[in-house]
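Spelled out from the first residue to the last, the chains are:
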Amino acid sequence: MRLSDRIKASYRGLRTNMSRTMLTILGIVIGITAIIIVVSIGQGAQDLILSQIQGLGSRTIIIEPGREPHGPADFSEMYTDSLKQRELDALMNSANVQGLEYVAPMVIQVVPVNYENEISRTNILGSSVEIANVLDIYADDGDLLREDDIRNHTSVAVLGSEVKIKLFGESDAVGERIKMNGRSYMVIGTIHPKGQVGFLDVDHMVLIPYTTAQQYITGTSHFGALFARAIDEDSVPRVVRDIELTLRELHGIDDPDKDDFHATTQADAMETVGVITGALTALLSSVAAISLVVGGIGIMNIMLVSVAERTREIGLRKALGATNTDILAHFLLESVILTVFGGIIGILMGSLLSFLASLVLTKVLGRAWSFTFPISAALLGLGVSASVGLIFGIYPAKKASRKSPIEALRYE
Amino acid sequence: MALIEARNIVKAYPDGTRALSDVSFDIQEGEFVAIMGPSGSGKSTLLHVLGFLDGQTSGTYRYNGKSGDQYEPDEIAKLRNQKMGFVFQSFNLLPRTDVLENVALPLVYAGIGKKEREKMALKAIRLVGLSSRIHHDCSVLSGGEKQRVAIARALVNTPDIIFADEPTGNLDSASGRVVLEFLQKLHSEHGHTIILITHEQSTAEHAERILSVRDGQLESDVKVEHRRFAKEGYEK
Ligand SMILES: Nc1ncnc2c1ncn2[C@@H]1O[C@H](COP(=O)(O)OP(=O)(O)OP(=O)(O)O)[C@@H](O)[C@H]1O
Ligand SMILES: [Mg+2]
């Protein structure tokens, strides 16, 4: 029997029970959808990590207040006030930490920014002069922060490119005054468009001296984080150790488990994201596996029903010369066509959902989450769905092929 | 060597019904034999055994010198596909499939291409006079038309032997005569071996020889003295 005739016969066999067959493949559709999402989101996460590392540089160490979060309960500790000017000074002392290029403090808060009638809710970033190096930014117009501004708590602001456009449009911003938290600030510069650096969207923020931010915006004396940079990549581990020792001594901590701060390197950050995406992958993979097995059993069930219903047809085909192999192939092909069809729908749905997820994640995370059509996952999906069809189709098909022609012909 | 050799064939169905008991006969290649008997006498059962569609409970049956268990399963499939033509008592047409495809079905399993298949099928359909119905779904056909589709399908692969189970059972006398004439023509002009099952003496007399069965036993095996020829006239 020719292959084209085999496929045609199986396809026609399926078509006679269209609505029933459609319901049967639901499990396969869900399974393959999950596979596509796993691969696609995994890819997006990886792209994101790479861009983040490229943005901050592998020499950057982020020191945050509170213990390193291991569970949801630990996140509250991120708001402790363990990092203040005293800690900053201690770290900047080269007798304490060697191989450190600089440390830049950060104070972040979202506040409304007004200029005349324009209002924009933005991140205020309070930092020091070194922020230019941390974020690798420079001024388009005017200046970035100056040492004097830090020392004197001056009310000056540097605008991200988008904030500048939002408030001022095309007209000049430098020398103008904006209002934040009821206080007036002089715009001293605008930042050249930069986009995302780490978790900061440079274009949408306003940069002011950290001393000013602490005094007038947050009203507290602690920092949200310290950004340190080692002189080279090799000294990162040593710098981290020195930072930890210095802060522990300063805070009188003997037991590292009682740390009231934590230092993360970009390698650590990558690991964390890896753990999160790994968990997500494991979850979705098990969804995929379960629904594929359930879907496969559904296929097997419907094929068994179909074989029973078509006993007469099977007998007739055999009486007219169909071999056992012909009948086996017929039903096996039916189930494979079914599952592959489900697989194709799953690939389309998975791609669509991943694409939507990329839009949502971009919005929620505030950073570009890339979507690429996962070709390798699509091929994997096709392979998996065909295999499910083969594995779960073999038993019904074997059963069909073993029917004796006369029993089948007599079946009413 | 006879084409068909049946020796002491016994067929008991699982429920205990003894449909055939101790049936023995030979049929030579090229013979036209009628198997005659009342309803329930075991005619169809016998035909199924002869066509390797069903196994006998005991006794030996040889086709072309080989018994069923001496053939490979695929060989038997090939035999049914290319050497035997079946006209089943209950037609057994594929549902939701048109006349042309039903007739061409054995050719699909013979691995013949679509074009050639359609050519051969159309020829067989013309022979049974259904050319105007080729694209009709088989389920809408009348009983007689279905019977003719079944006959066309049995002929399409020009088999060596045709097993026809009551092929005139659903036909009026005129159509029945056409079928019998046709079987006689296949026999005389093309040398096909024909086994015709019927419960009517008059139909059986179109064959050269009549095997009568009753209650699963071979009652008589006689040569037809005054053979009927459908071309001359056929009475019910
Ligand atoms: N699968 C089966 N199981 C049990 N008994 C059966 C089975 N098939 C046939 N029989 C019985 O075997 C006997 C012979 O049946 P068969 O169909 O061979 O008769 P037949 O001569 O062809 O009759 P008809 O002329 O009515 O077609 C009958 O009594 C029938 O009831
Ligand atoms: Mg019968």
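This is a predicted model, so every value here is computed, not measured.

Before going further, it helps to examine the sheet that holds strand β10 (residues 217-223) of chain B. Each strand in a sheet pairs with its neighbour through backbone hydrogen bonds, running either in the same direction (parallel) or in the opposite one (antiparallel). Residue and element names in this part refer to chain B. Here we have six strands laid out as an open sheet, ordered β6-β7-β8-β3-β9-β10, and mixed in their pairing. With one partner strand each, in any of the chains shown, β6 (84-87) and β10 form the two edges of the open sheet. Strand-to-strand, the axes of this sheet are offset by a mean angle of 15°, without reference to chain direction. Of the pairings in the sheet, the one linking strand β7 (residues 161-165) to strand β8 (residues 193-198) comprises five bridges and is parallel in character. Across the sheet, phenylalanine 163 pairs through a bridge with isoleucine 195, a residue of β8. Contacting β3 (32-36), β7 and β8, helix α6 (residues 173-190) runs over the sheet at an angle of about 155° to β8.

All names here are of chain B. Between helix α3 (residues 99-109) and helix α5 (residues 143-155), the shortest axis-to-axis distance is 7 Å and the interhelical angle comes to 35°. Of the two possible hands of crossing, α3 and α5 adopt the one that is right-handed. Contact residues: α3 offers Val99, Asn102, Val103 and Pro106, while α5 offers Val149, Ala152 and Arg153. Tallied by class, residues from the contact of α3 with α5 come to five nonpolar, one polar and one charged.

All names here are of chain B. Around the magnesium ion (ligand 2), the protein supplies Ser44 (OG) and Gln89 (OE1) as donor atoms, at distances of 1.9 to 2.2 Å. One end of the pair, serine 44, is in helix α1 (residues 43-50); the other, glutamine 89, is in the loop between β6 and α3, with 45 residues separating them in the sequence. On the accessibility criterion, serine 44 (18% relative accessible area) is buried. Judged by relative accessible area, glutamine 89 falls into the partly exposed class, the value being 41%.

So, on to the pairing of strand β4 (residues 58-63) of chain B. For a regular strand, side chains alternate in direction, first toward one face of the sheet and then toward the other. Residue and element names in this part refer to chain B. Pairing geometry for strand β1 (residues 4-12) and β4, over five bridges, is antiparallel. Following the sheet pairing, glutamate 5 is matched in β4 by arginine 62. In this sheet, strand β5 (residues 66-67) lies alongside β4 in antiparallel orientation, the contact comprising two bridges. Following the sheet pairing, arginine 62 is matched in β5 by serine 67. Connecting β4 to the next strand, β5, in antiparallel fashion are two residues, including asparagine 64 with a positive phi near 60°.

For chain A, the domain assignment lists domain 1 (3-52 + 280-410) and domain 2 (81-259). Computed over C-alpha atoms only, the centres of domain 1 of chain A and domain 2 of chain A are separated by 54 Å.

Further remarks concern a nonpolar patch on the surface. Residues and elements named next belong to chain A. A contiguous nonpolar surface patch, about 590 Å² in accessible area, is contributed by Ile344, Leu348, Phe373, Ile375, Leu379 and Leu382. At the level of elements, α12 (324-365) and α13 (375-401) are the ones that each hand at least two residues to the nonpolar patch. Looking at the nonpolar patch, the element that brings in the most residues is α13, giving three residues. Along the chain, leucine 382 turns up in helix α13. When its relative accessible area of 32% is taken as the criterion, leucine 382 is described as partly exposed.

Moving on: the interface of chain B and chain A. Interface extent is often summarised as the accessible area lost during association of the parts. The interface is formed by 28 residues belonging to chain B together with 24 residues belonging to chain A. Of the roughly 2300 Å² buried between chain B and chain A on both sides combined, carbon and sulfur atoms contribute 54%. It is B:Leu53, B:Asn92 and B:Tyr109 that lose the most area in chain B upon contact with chain A, and together they represent 27% of the buried surface on that side. Where chain B meets chain A, there are two salt bridges.

Cut-offs applied
Residues numbered from 1 in each chain as written. Chains lettered and ligands numbered in written order. Predicted model: local features only at pLDDT ≥ 70, side-chain atom pairs only at ≥ 80, totals over all residues. Heavy atoms only, no water. Pairing = 2+ DSSP bridges. Helix = DSSP H or I, 4+ residues; strand = E, 2+ residues; numbered from the N terminus. Axes fitted to C-alpha atoms, helices over the stretch in contact; angles between N-to-C directions. Contact = heavy atoms within 4.5 Å. Left-handed = near helix turned anticlockwise from the far one by under 90°. Nonpolar A, V, L, I, M, F, W, Y, C, P; charged D, E, K, R; others polar. Donors = N, O, S within 2.8 Å, 3.2 Å for Na, K, Ca; no water. Buried < 20%, exposed > 50% of the residue type's maximum accessible area, 1.4 Å probe, protein only. Domains from an automatic or database assignment. Patch = residues over 30% accessible without salt bridge, like charges linked within 9 Å, V, L, I, M, F, W, Y side chains within 5 Å. Areas by Shrake-Rupley, 256 points an atom, 1.4 Å probe, with all protein chains shown as cover. Salt bridge = Lys/Arg side-chain N within 4 Å of Asp/Glu carboxyl O. Buried area = accessible area lost by both parts, 1.4 Å probe.

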